[in-house]
Amino acid sequence: MLTQSAASASSAAAENPLVRQRADAQIFRHDGSYYMAASVPEYDRVIIRRSPTLAGLGTAEETVVWRRPASGRMAGYIWAPELHLLDGRWHIYFAAGDGDDKFRIRTYVLRAAGSDPVTSKWELLGKLETPWDTFTLDSTIFEHRGVRYISWAQHEPGFENNTNVYLAPLATPTTLAKAPARLTAPTLEWEIQGFKVNEGPAFLARHGRLFMTYSASATDDRYCLGLLTAADDADIMNPAAWTKAPQPVFVSSPATSVYGPGHNSFTVDEQGHDLLVYHGRDYQKIVGDPLFDPNRHTRIQRLYFRADGTPDFGIPVGNGALPNRWSPRDSPNQFVRVSGKRVTVGAGPVATTQFRQVPSRLDPKQISLVPIESPTSKLVVGSDSTVTVARDDGSTAFAQRSSFIKQRGLADAKGVSFASSASPASYLRNNNGALRLGGVNSAADRASATFIAS
């Protein structure tokens, strides 16, 4: 039996979509629990969920902490709540329109009366005060080098666009400590599709840098993520300290059938690996206004980093179990990857190195490996023991050649080895940069047949 230490990394029990019909999701871990806040399709309430596991958020009881009034101020669209613990008190930042003008969106703050955000009563603390009384949404809070910052999206008078992204230190939960800095405005071609939008900022400090993702363009299949980067020790209130990526870093993927990925947050899985949280639809064509299409689902996937420390978002991984990357024990800096129809061991784009484990058609206790960019295909062993990618033809012969018995790693208990269903004494092995089926007769053989998941 495969032990827990040899189980696949990164929340093996979690599947996409993690939570259906919940957009603009914020997920974070606190005191051993995962918390989630998100927009609901009716745009009429603020909700949160709590679970001891990521996977459990999908079925966790949902608590409504606030409902919009029947009329008047804040009786319009309710968007993008975020839950934050500030100085020992729980707060929720969210956007709300008015009853007579649902798009008169401003940002408001709720505060919990008690220490448990799920069971506490919540009160309206007030409106977030910014320099302009204009369309304002998507506030997020983070601390950097001992300073608490707020970042948000807002329409600034004088700009012929929808929203820019701003940053300022926070004085109180509803007031700024100094005038805001405009970090990014939609000027690039991919930022102005349908609407001229930069919104939904999220921050992550890693490897000596501070990264800010943001969402751009209309909320249909053109919605995507952009990226700003600053040195960790830079004056982040100076817009010149930030570098904008010239191309979007996360976009729709017809290969995996995820469209309009955006409004992300960051969290970690149970093993401490970085995760990207975002929403996306399962289809491209939308009837009517995308705002009223309810099927933006909350999704998660591993966030990887390049050798230089910058994030590599890959592509939306699609529905189903979270995929893994597999590094042979004898080549720890390389990955099993798809190259056309061939399966090799080496370097390449993240999407070519991600494989979903699915139950074998031959035996549900065995597994097949499915490349995320070819969801109807599997890794299959040929008559010459080479491994290729082929479409599943539904035959028993194909099932036999594409089925593997997953075992504890032969050379490392933290890894796994894949024995052939048809020939259990033979294993998938790294053979000089090719993936082949072969016997195991030495320590070197065992290392080549052991794979570490990431």
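In this text the structure is predicted, and so the values were computed from the model without any measurement.

Overview of the overall build of the protein
Counting its secondary structure elements, the protein contains 2 helices and 36 strands. Taking 2.2 N^0.38 as the reference for a compact globule, 454 residues should give roughly 22 Å; the C-alpha atoms of the protein span a radius of gyration of 24 Å, in line with that estimate. Considered along the principal axes of its C-alpha atoms, the protein spans approximately 70 × 45 × 45 Å. Across the protein, every contact between residues at least 6 apart in sequence was considered, and the portion connecting residues at least 24 apart equals 50%. Total accessible area on the protein is roughly 18300 Å²; 49% of this is exposed by carbon and sulfur atoms. Charge centroids of the protein, computed over 48 positive and 44 negative side chains, lie 5 Å from each other.

So, the sheet that holds strand 4 (residues 45–51)
Strand order in the open sheet formed by 4 strands is 2-3-4-5, and the pairing between neighbours is antiparallel. Of all strands in the sheet, those bounded by a partner on one side alone are strand 2 (23–30) and strand 5 (62–67). Adjacent strand axes in the sheet meet at a mean angle of 20 degrees when their direction is disregarded. In this sheet, strand 5 lies alongside strand 4 in antiparallel orientation, the contact comprising 5 bridges. Bridge pairing in strand 5 links Ile48 to Thr63.

Here's the deal with the pattern of salt bridges
Within the structure shown, the criterion is met by 25 salt bridges. With a closest N to O distance of 3.8 Å, Asp312 and Arg306 form a salt bridge. By relative accessible area, which is 43% here, Arg306 ends up partly exposed. The network of salt bridges with shared partners includes Asp98, Arg104, Arg106, Lys127 and Asp133.

Overview of the sheet that holds strand 6 (residues 78–86)
Overall, antiparallel pairing links the 4 strands, which are arranged 6-7-8-9 in an open sheet. The open sheet terminates on both sides in strands that have one partner only, identified here as strand 6 and strand 9 (122–127). Taken pair by pair, the neighbouring strands of this sheet meet at an average axis angle of 30 degrees, ignoring direction. In this structure, strand 7 (residues 89–98) lies alongside strand 8 (residues 101–112), joined through 7 bridges in antiparallel fashion. Residue pairing across strands places Ala96 opposite Arg106, the latter belonging to strand 8.

Quick look at the environment of Gly32
Of note, Gly32 is situated in the loop between strand 2 and strand 3 (33–39). Sequence separation of Gly32 and Leu362 is 330 residues, and the distance between their C-alpha atoms is 39 Å.

Observations regarding the nonpolar core
Counting 20 residues, the largest nonpolar core has Trp326, Val336, Leu379, Phe418, Leu428 and Leu435 as the members making the most contacts within it. Listing elements by their share of this core, those giving two or more residues are strand 26 (335–339), strand 27 (342–346), strand 29 (367–371), strand 30 (377–381), strand 31 (387–391), strand 33 (416–420), strand 35 (434–438) and strand 36 (451–453). Phe28, Val46, Phe94 and Val118 belong to the second largest nonpolar core, which has 19 residues in total.

What counts and what doesn't
- Residues numbered from 1 in each chain as written.
- Predicted model: local features only at pLDDT ≥ 70, side-chain atom pairs only at ≥ 80, totals over all residues.
- Heavy atoms only, no water.
- Helix = DSSP H or I, 4+ residues; strand = E, 2+ residues; numbered from the N terminus.
- Rg over C-alpha atoms; globule rule 2.2 N^0.38 Å.
- Contact = heavy atoms within 4.5 Å.
- Areas by Shrake-Rupley, 256 points an atom, 1.4 Å probe, with all protein chains shown as cover.
- Lys, Arg positive; Asp, Glu negative; His and termini not counted.
- Charge placed at Lys NZ, Arg CZ, Asp CG, Glu CD.
- Pairing = 2+ DSSP bridges.
- Axes fitted to C-alpha atoms, helices over the stretch in contact; angles between N-to-C directions.
- Salt bridge = Lys/Arg side-chain N within 4 Å of Asp/Glu carboxyl O.
- Buried < 20%, exposed > 50% of the residue type's maximum accessible area, 1.4 Å probe, protein only.
- Core = buried A, V, L, I, M, F, W, Y, C linked by side-chain atoms within 4.5 Å.

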